[in-house]
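What follows is each chain in one-letter form.
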Amino acid sequence: MAAPDLLLYDEQFQKIRGILQQLRQDSSSNVVFLVDKNGQQIAAAGDLSTLDTTSLASLTAGNVAATDGLARLIGEREFSILFHEGEKDNLHISIVGERVILVVIFDERSSLGLVRLRVRRATSELEAVFTEIAARSEGAAGLLGADAESPFSEITDDDIDRLFSE
Amino acid sequence: MVFINYAARELNCKIVYYGPGLCGKTTNLRYIYERTAASEKGRMISLATDTDRTLFFDFLPIDAGSVRGFRTRFHLYTVPGQVYYDASRKLILRGVDGMVFVADSQEARMEANVESIRNADKNLKEQGYDIATLPYVLQFNKRDLPSAVPSDEMYRLLNVKGEPTFEATASTGEGVFDTLKAIARQVLTELKKK
């Protein structure tokens, strides 16, 4: 079954950002960001001014998807951690709750051991938030209160025509 | 899987351009990239071989403006068209919200078109989607070539469900934005139903 739409509300968004900021601080890393497995960036912490985060998100998801394919070829369910080592900067990529990807960019001020340790704690916190999000996304079809009503139910043809025309 | 970020008031949709090898999927994206203002597009990424054949995917994020106060972004992907990259094609279909099928109008490529639509159908099913319900647009590309098969004949051969169909010459841009707008319209209309 295809995954339902992902709805991210402010409350959970703030929680996620809090966890990412804490992780960045605790792991002495430069940037921490979270990407949906389909390549959409969810949240980030750190100095993003020099990073093309949209491209980073899409390529990370492509990388994880290809690695997942490799895992299944050799009979593994997934490789839950990927590590890319560069001359100065390194990438630590891990899967959270089978649905999202946590990326940590760090340099010599941190270490792989420290990042792994801190990522483990952040992962369990993030998993809890994503369980909430999944429940809310599924419930949004009509069981939740008025605040969950989709603003898109009123989209008109004019709204759509205006896209791409600006 | 549309990603609606209420906190950032953003709406993100994934559109995949599918079709046989050398039908012009990447050329569609390149034209969109060239004709979109710098402020409304991200970097175009092509994971291609040395001979410019798509190896994994092309990716182009486009900002289409606002709908109901939400910044609407379309993430455009192509798949590698060559038959033996099937494993990669399946991966790219994950989370797809709409598909554009780019058919090559040359007579010699009709069989490849048919084979590629079958392949799309099979791979979509494997990912939990149904081409009958997924937003879907058909494009007949390379209309400028002298060997182009008449459109009505192509339609009879390739039409799946009466989907919107466009003639195009992606190398000059003809029909490229019409195709994109048509798939965007379907994806957003689908959102309205939810």
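As the structure is a computational prediction, the values presented were derived from the model and not from experiment.

### A few points about the overall build of chain B
- Within chain B one finds five helices and eight strands.
- The linear arrangement of helices and strands in chain B, starting from the amino end, is β-β-α-β-β-β-α-β-α-β-α-β-α.
- For 194 residues, the compact-globule formula gives about 16 Å, and the C-alpha radius of gyration of chain B, at 16 Å, lands near that figure.
- Based on the C-alpha atoms only, the size of chain B along its principal axes is roughly 50 × 35 × 30 Å.
- Relative to its 194 residues, chain B shows a buried fraction of 57%.
- At a minimum sequence separation of 6, the contacts of chain B that also span at least 24 residues come to 69%.
- Averaging the positions of the 27 positive and the 24 negative side-chain charges in chain B gives two centres separated by 6 Å.

### Notes on the overall build of chain A
- Across its full length, chain A carries four helices and six strands.
- When the helices and strands of chain A are listed from N to C terminus, the series reads β-α-β-β-α-β-β-β-α-α.
- On the principal axes, the C-alpha backbone points of chain A span a range of 50 × 40 × 30 Å.
- Here chain A holds 166 residues, and the buried ones make up 46% of them.
- Long-range pairs, those at least 24 residues apart, make up 53% of the contacts in chain A with a sequence separation of at least 6.
- Accessible surface computed for chain A: about 8400 Å², of which carbon and sulfur atoms make up 50%.

### As for unusual backbone geometry
Residues and elements named next belong to chain B.
- Backbone geometry at L22 places phi at a positive 65°, although glycine is not the residue there.
- Among the structural elements, L22 can be located in the loop between β2 (10-18) and α1 (25-34).
- Positioned with a positive phi, D52 is a non-glycine residue whose angle comes to about 70°.
- Within the element layout of this structure, D52 appears in the loop between β3 (45-48) and β4 (54-67).

### A short note on the confidence of the model for chain B
- Averaged over every residue, the pLDDT of chain B is 94; residues scoring 70 or more account for 100%.
- Here the prediction assigns the complex a pTM of 0.88, and the interface score ipTM is 0.79.

### Focus: the sheet that holds strand β3 (residues 41-46) of chain A
All names here are of chain A.
- Pairing is antiparallel in the open sheet, where five strands are placed in the order β3-β2-β6-β5-β4. Only two strands of the sheet have a single partner each, and these edge strands are β3 and β4 (81-85). Put simply, the sheet's adjacent strands are angled 15° from each other on average, direction ignored.
- One ladder, built from seven bridges, connects strand β5 (residues 90-96) with strand β6 (residues 100-106); its direction is antiparallel. Pairing of L91 across the sheet is with I105, part of β6.
- Each of β2 (31-36), β3 and β6 is contacted by helix α1 (residues 10-26), which is oriented at about 40° to β3, the strand it contacts most.

### Examining the interface of chain B and chain A
- Taken together, the contact between chain B and chain A spans 45 residues of the former and 43 residues of the latter.
- The contact between chain B and chain A buries some 4000 Å² in all, and 61% of this surface belongs to carbon and sulfur atoms.
- Looking at the side of chain B facing chain A, the largest losses of area belong to B:M1, B:Y6 and B:R68, adding up to 18% of the total buried there.
- Where chain B touches chain A, the interface holds five salt bridges.
- For the salt bridge of B:R68 with A:D159, the shortest nitrogen-to-oxygen distance reads 2.9 Å.
- Counting across the chain B and chain A interface gives eight residue pairs in polar contact (both at pLDDT 80 or more).
- Counting residues per element, the side of chain B that touches chain A draws most heavily on β4(B), which supplies nine residues.
- Taken together, the residues of the side of chain B that touches chain A break down into 25 nonpolar, ten polar and ten charged.

Reading the values: the criteria
Residues numbered from 1 in each chain as written. Chains lettered and ligands numbered in written order. Predicted model: local features only at pLDDT ≥ 70, side-chain atom pairs only at ≥ 80, totals over all residues. Heavy atoms only, no water. Helix = DSSP H or I, 4+ residues; strand = E, 2+ residues; numbered from the N terminus. Rg over C-alpha atoms; globule rule 2.2 N^0.38 Å. Buried < 20%, exposed > 50% of the residue type's maximum accessible area, 1.4 Å probe, protein only. Contact = heavy atoms within 4.5 Å. Lys, Arg positive; Asp, Glu negative; His and termini not counted. Charge placed at Lys NZ, Arg CZ, Asp CG, Glu CD. Areas by Shrake-Rupley, 256 points an atom, 1.4 Å probe, with all protein chains shown as cover. pLDDT = per-residue confidence, 0-100. Pairing = 2+ DSSP bridges. Axes fitted to C-alpha atoms, helices over the stretch in contact; angles between N-to-C directions. Buried area = accessible area lost by both parts, 1.4 Å probe. Salt bridge = Lys/Arg side-chain N within 4 Å of Asp/Glu carboxyl O. Polar contact = N/O pair within 3.5 Å; in protein donor to acceptor, adjacent residues only side chain to side chain. Nonpolar A, V, L, I, M, F, W, Y, C, P; charged D, E, K, R; others polar.

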